[in-house]
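Geometric and topological summary
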Amino acid sequence: MKSIALFCLSLLTTAITAQNWIPLNSGVTQKLNDVFFTSRDTGYVVGNDSVLLRTTNGGNTWTRLNDVANYNPGNLNGIWMFGDGTGYIAPLYQSGIPQTANSGISWTSNNNSINPCFPDGLFFASPTNGFLFGQGCFGGAYISHWDGNTWSGGELLDYTFINNTYIQIRGVAYNPATNTAVAVGDRGKIFRSTDNFQTWDTIVVNGTDDFTAVDYAGNNRFYISSKAQFASAYVSTDDGQSFSIDQTFAFTFFYPEFYDIDMLDNGFGVIGGYAQTGGTGFLQIRNATGWGSQYDGVPQIIHAVYAVDSTLAFAVGDSGAIYRYDHPVGIEDVYASTQELNLFPTVVQSNETVTLNLPLGEIFQVEVIDARGRVCMRYGNCAGAYKLDVEKFSPRAGVYVVKAMSERTQACGKLVVR
């Protein structure tokens, strides 16, 4: 038995040190509840005590914006933003839905929604088609619909009371091709609607495990995250008409319970939550074929995840924790796929400066990629003879690729740090 335990501990330690997820400095210590990105550079995070953070450089630095005024104690459960700077927040208690038109600099409250009184989050299929979900003022699983001008009074989907609590809605997802919305909640509850929950069907699954989030992944597929240790993810391949345990999910010795899932239409996804083994946070990646061996224990419990694209994702959780996932790719593949970048010198000490001679008339994003294919640093709005301070990405001795990308040009150069 002792040898088996040591073997399991060895596997767990290997996963913990995999380092696919890089911790970022949020500048706060409050519990963070949701994360949303409108581009690779611009993202937002909300949390307890009215915390609202924004980054404009891919998470390298975060700015705390003015606290969002809402009902005491001021915890913020969810955020949804659009590329034009408009957005909405789900507060702990819905005395009004905060909304912004200037990228979170200031907020006003839309007070015309009645239920849910206690939102868990929100989802938007478009600026004129959104959903606020959670628990009603007197219990029950409620959803309110946004039509671009007003929130509806709310639809009661379920009023089950069990173990001294009411079931509530934990997530909503939407298939734009069929106008199908799927909502999930506690005790294995799944609801499906094609008319924004004016009417709905209850989808029956085996078991009563708590569902925590749902997302659409293209091609009539929906994925659900669960708190169950051995039924961690569910999938529907028929536009939400039926769900079953995702058989591609990889077993790990972390024994996770998951709190959020985010999927892309190409099958890439991220799921995050709590590891029963060790009491840490836990994150797992899904590639195009299934949930593989890319999983990591992280120090803080994860409450929300967001996949920007197949190479970039973020996660937030307890104690102000923010993590970034940069997809490991072969460094030679990155270098071979682009034209030569003019940089000088090419061999430096860690305290030196490198000049990148970028093509004139274009604005670039610059990434420094290590030998494992991980992005060490990302710089935005670079142009002309751009000075790169090597010490800012704290390199170890080795070979790095400096990659510059604009709308028209992609170039790479090798950099040796001694």
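Bear in mind the structure is a predicted one, so any value in this text is a computation, not a measurement.

Glancing now at the overall build of the protein chain. A tally of regular secondary structure across the protein chain gives two helices and 39 strands. Taking contacts inside the protein chain between residues at least 6 apart in sequence as the whole, the part at least 24 apart equals 49%. A total of about 17700 Å² of accessible surface is found on the protein chain, and carbon and sulfur atoms cover 49% of it.

With that settled, consider the packing of aromatic side chains. Enumeration over the complete set of coordinates arrives at 30 aromatic pairs. When the ring of W80 is compared with that of F123, the centres are 4.9 Å apart and the planes differ by 70°; the resulting orientation is edge-to-face. Here the residue W80 occupies a position in strand 6 (residues 76-81), and F123 occupies one in strand 10 (residues 118-126), the gap between them amounting to 43 residues. Assessed through its relative accessible area of 10%, F123 is described here as buried. The structure contains a cluster of three or more aromatic residues connected by ring pairs, namely F36, F37, W62, W80, F82, Y88, F123, F124, W146, W151, Y306 and F314.

Another point: the sheet that holds strand 16 (residues 169-175). One open sheet holds the four strands; their spatial order is 16-17-18-19, and the pairing between them is antiparallel. Of all strands in the sheet, those with a lone pairing partner are strand 16 and strand 19 (201-203), marking the two edges. The average undirected angle you get between the axes of adjacent strands in this sheet is 25°.

All chains considered together, the criterion is met by one disulfide. Here C117 connects covalently by a disulfide to C137, the sulfurs 1.6 Å from one another. The disulfide joining C117 to C137 has a torsion of about 60° about its S-S bond and is therefore right-handed. Of this pair, C117 sits in the loop between strand 9 (108-110) and strand 10 while C137 sits in the loop between strand 11 (129-135) and strand 12 (141-146), and the two are 20 residues apart along the sequence. Relative accessible area serves as the criterion here: at 7%, C117 is assigned to the buried category. The exposure class of C137 is partly exposed, given its relative accessible area of 28%.

What follows covers the sheet that holds strand 3 (residues 43-47). Strands in a sheet are paired, the pairing made by backbone hydrogen bonds, and the direction either parallel or antiparallel. With antiparallel pairing, the four strands of this open sheet are ordered in space as 2-3-4-5. Only two strands of the sheet have a single neighbouring strand rather than two, namely strand 2 (32-37) and strand 5 (63-64). Where strand 3 meets strand 4 (residues 52-55), four bridges bridge the pair, whose relative direction is antiparallel. Looking at the pairing, Y44 lines up with R54 of strand 4.

Counting through the fold element by element, I89 comes out in strand 7 (residues 87-91). In sequence terms I89 and D34 are 55 residues apart; their C-alpha atoms lie 9.9 Å from each other. With residues up to four places along the chain from it excluded, the contact list for I89 reads V46, V68, L76, G78, I79, I97, P98, W107 and L122.

Among the surface-exposed residues, F138, L156 and Y159 lie close enough to one another that they form a single nonpolar patch of about 360 Å² accessible area. For L156, the location among the structural elements is in strand 13 (residues 155-158).

Side-chain pairing between opposite charges can occur once the charged atoms of the two side chains come close. Summed over all chains, the structure comprises eight salt bridges. Taking the shortest distance from any N to any O, the salt bridge between R170 and D120 comes out at 3.1 Å. With R170 in strand 16 and D120 in strand 10, the pair connects residues that are 50 residues apart, well separated along the chain. D120 gets classed as partly exposed once you look at its relative accessible area, which sits at 24%. The closest approach of N and O atoms between R324 and D326, which form a salt bridge, is 3.1 Å.

Attention now moves to unusual backbone geometry. For the peptide bond that leads from F344 to P345, omega is -10°, which places it in the cis range. Its location among the elements puts P345 in the loop between strand 32 (342-344) and strand 33 (347-348). Backbone geometry places F197, a non-glycine residue, at a positive phi of 65°. In this fold, F197 is placed in the loop between strand 18 (189-193) and strand 19.

Here we take up the layout of surface pockets. In this structure, the largest pocket spans a volume of roughly 1200 Å³. For the lining of the largest pocket, the secondary-structure elements that each account for two or more residues are strand 2, strand 6, strand 10, strand 11, strand 16, strand 20 (211-216), strand 24 (256-263) and strand 28 (302-309). Of the residues forming the lining of the largest pocket, the biggest block, eight residues, is contributed by strand 10. Grouping the constituent residues of the lining of the largest pocket by class yields 27 nonpolar, eleven polar and eleven charged.

What follows is about the pairing of strand 27 (residues 291-298). Two faces make up the sheet, and in a regular strand the side chains alternate between them. As paired elements, strand 26 (residues 281-286) and strand 27 share five bridges and run antiparallel to each other. What sits directly across from Q284, in strand 27, is Y295. Adjacent in sequence and paired antiparallel, strand 26 and strand 27 are bridged by four residues, among which G290 carries a positive phi angle near 160°.

This brings us to the side chain of D262. Mapping D262 onto the fold places it in strand 24. Within the buried core, D262 has no salt-bridge partner, and the shortest N-O distance to an opposite charge, that of R40, equals 13 Å. There is a polar contact of 2.7 Å between the side chain of D262 and the backbone nitrogen of A307.

Core analysis: the biggest nonpolar cluster contains 49 residues, and I79, I143 and I169 have the highest contact counts within it. Among all residues touching I169, those that are not within four sequence positions of it are D120, F133, G134, A141, Y142, I143, L157, A183, V184, G185 and F191. Listed in part, the 20 residues of the second largest apolar core include F364, M377, Y400 and L415.

Cut-offs used in this document
- Residues numbered from 1 in each chain as written.
- Predicted model: local features only at pLDDT ≥ 70, side-chain atom pairs only at ≥ 80, totals over all residues.
- Heavy atoms only, no water.
- Helix = DSSP H or I, 4+ residues; strand = E, 2+ residues; numbered from the N terminus.
- Contact = heavy atoms within 4.5 Å.
- Areas by Shrake-Rupley, 256 points an atom, 1.4 Å probe, with all protein chains shown as cover.
- Phe/Tyr/Trp six-rings, centres within 6.5 Å; stacked < 30°, edge-to-face > 60°.
- Buried < 20%, exposed > 50% of the residue type's maximum accessible area, 1.4 Å probe, protein only.
- Pairing = 2+ DSSP bridges.
- Axes fitted to C-alpha atoms, helices over the stretch in contact; angles between N-to-C directions.
- Disulfide = S-S within 2.5 Å.
- Patch = residues over 30% accessible without salt bridge, like charges linked within 9 Å, V, L, I, M, F, W, Y side chains within 5 Å.
- Salt bridge = Lys/Arg side-chain N within 4 Å of Asp/Glu carboxyl O.
- 1 Å grid on protein atoms, 1.4 Å probe; cavity = no way out; pocket = protein on both sides within 12 Å on 5 of 7 lines; lining within 4 Å.
- Points joined across faces, edges and corners; volume = space filled by probe spheres on them.
- Nonpolar A, V, L, I, M, F, W, Y, C, P; charged D, E, K, R; others polar.
- Lys, Arg positive; Asp, Glu negative; His and termini not counted.
- Polar contact = N/O pair within 3.5 Å; in protein donor to acceptor, adjacent residues only side chain to side chain.
- Core = buried A, V, L, I, M, F, W, Y, C linked by side-chain atoms within 4.5 Å.

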